[in-house]
Amino acid sequence: GTGKSATITVKVTKDPSAVNPPNPVNPVDLASMYFRPNSKTLKIGQKYAPQLWFEPTTATNRTVTFSVKGGGSNVATVNAQTGLVKGEGEGECVIVATADNGKTAELQIKVTNEQYVPVPITGIVISTPSPLVLAPGQSHRVNINVEPDDADISHLEWSETGNPQILTSANSQLIVAGMTEGITA
């Protein structure tokens, strides 16, 4: 790796009023979600972690499943849970994010007829509030930007410092809070 890193502090609390971004006690329905940017050109073998945004930002039902629309899996594949996209072959396809209430967002993917040559990461930016304060068992999608735009994210690793009981998972942008209160980074 390049040694480049970015840190997000995660706190798990049983105090609903302290959760940030707010996680209302009463469910708030997801009205819409969107990819930003909503299109991406990749090379064969290149991986991409798309940014998915939710409206309203207080929506509580953020469980999302990712899929490739139609027969596009020869062009790109996507991890159903994390949304990580990989260019597989020349062409165009659409990645669909589907929320548990049926709302969808689409990401246009174009894959060129070039093999991806890994480019080192020169910078990482996490565009999620820090500290991220979650309720026990709550999950949160973290949006990351790497520099340059076509940097190799295959070896991007998530690691924790502090209390390892805080998170049950922290990889590929999906952070899931454990049941233990405390703070980690």
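Worth saying up front: this structure is predicted, and the values here are computed from it rather than measured.

Concerning the overall build of the protein
Then, number 1: In terms of helices and strands, the protein carries zero helices and 17 strands.
Then, number 2: Scored against the burial criterion, the 185 residues of the protein give a buried share of 39%.
Then, number 3: Considering only contacts in the protein between residues 6 or more positions apart, those separated by 24 or more positions represent 64%.
Then, number 4: Here the protein has roughly 9400 Å² of accessible surface; of this, 49% comes from carbon and sulfur atoms.

A word on the pattern of salt bridges
Then, number 1: Tallied over the full model, the rule gives three salt bridges.
Then, number 2: Put simply, K43 and E114 hold a salt bridge, and the shortest N to O gap is 4.0 Å. Of this pair, K43 sits in strand 3 (residues 39-44) while E114 sits in strand 10 (residues 104-115), placing them 71 residues apart in sequence.
Then, number 3: The exposure class of K43 is partly exposed, given its relative accessible area of 28%.
Then, number 4: According to the relative accessible area criterion, E114 is partly exposed, its value standing at 41%.
Then, number 5: Between K69 and E106 there is a salt bridge, with the nearest N and O atoms lying 2.8 Å from each other. Of this pair, K69 sits in the loop between strand 6 (64-68) and strand 7 (76-78) while E106 sits in strand 10, and the two are 37 residues apart along the sequence.

Focus on the pairing of strand 6
Then, number 1: On strand 6, burial follows the alternation: V64, F66 and V68 on one face are buried, whereas T65 and S67 on the facing-out side are not.
Then, number 2: Bridge count between strand 6 and strand 9 (residues 91-99): five bridges; the pairing is antiparallel. Opposite S67, over in strand 9, you have V96 as the bridge partner.

A look at unusual backbone geometry
The phi angle of most residues is negative, glycine excepted, and most peptide bonds adopt the trans form.
Then, number 1: For the bond running from E55 to P56, omega is -10°, close enough to zero to count as cis.
Then, number 2: Positionally, P56 belongs in the loop between strand 5 (52-55) and strand 6.
Then, number 3: Cis geometry is adopted by the peptide bond preceding P148, which originates at E147 and carries an omega value of -10°.
Then, number 4: Checked against the element boundaries, P148 lands in the loop between strand 14 (144-147) and strand 15 (167-171).

Considerations on the sheet that holds strand 6
Then, number 1: The sheet built from four strands is open, its strands ordered 3-10-9-6 with mixed pairing. Strand pairing shows two members of the sheet lacking a second neighbour, strand 3 and strand 6, which therefore form its edges. Geometrically, the sheet is characterised by an average inter-axis angle of 25° between neighbouring strands, direction not taken into account.
Then, number 2: The pairing of strand 9 with strand 10 spans eight bridges and is antiparallel. The residue bridging V96 from the neighbouring strand is E106, located in strand 10.

Observations regarding the sheet that holds strand 8 (residues 85-87)
Then, number 1: In spatial order, the strands read 4-8-7; together these three strands make up an open sheet with antiparallel pairing. Edge strands, defined here as strands with exactly one partner in the open sheet, are strand 4 (47-48) and strand 7.
Then, number 2: In this sheet, strand 8 lies alongside strand 7 in antiparallel orientation, the contact comprising three bridges. When the sheet's bridge partners are listed, T77 is paired in strand 8 with K86.

Conventions adopted
Residues numbered from 1 in each chain as written. Predicted model: local features only at pLDDT ≥ 70, side-chain atom pairs only at ≥ 80, totals over all residues. Heavy atoms only, no water. Helix = DSSP H or I, 4+ residues; strand = E, 2+ residues; numbered from the N terminus. Buried < 20%, exposed > 50% of the residue type's maximum accessible area, 1.4 Å probe, protein only. Contact = heavy atoms within 4.5 Å. Areas by Shrake-Rupley, 256 points an atom, 1.4 Å probe, with all protein chains shown as cover. Salt bridge = Lys/Arg side-chain N within 4 Å of Asp/Glu carboxyl O. Pairing = 2+ DSSP bridges. Axes fitted to C-alpha atoms, helices over the stretch in contact; angles between N-to-C directions.

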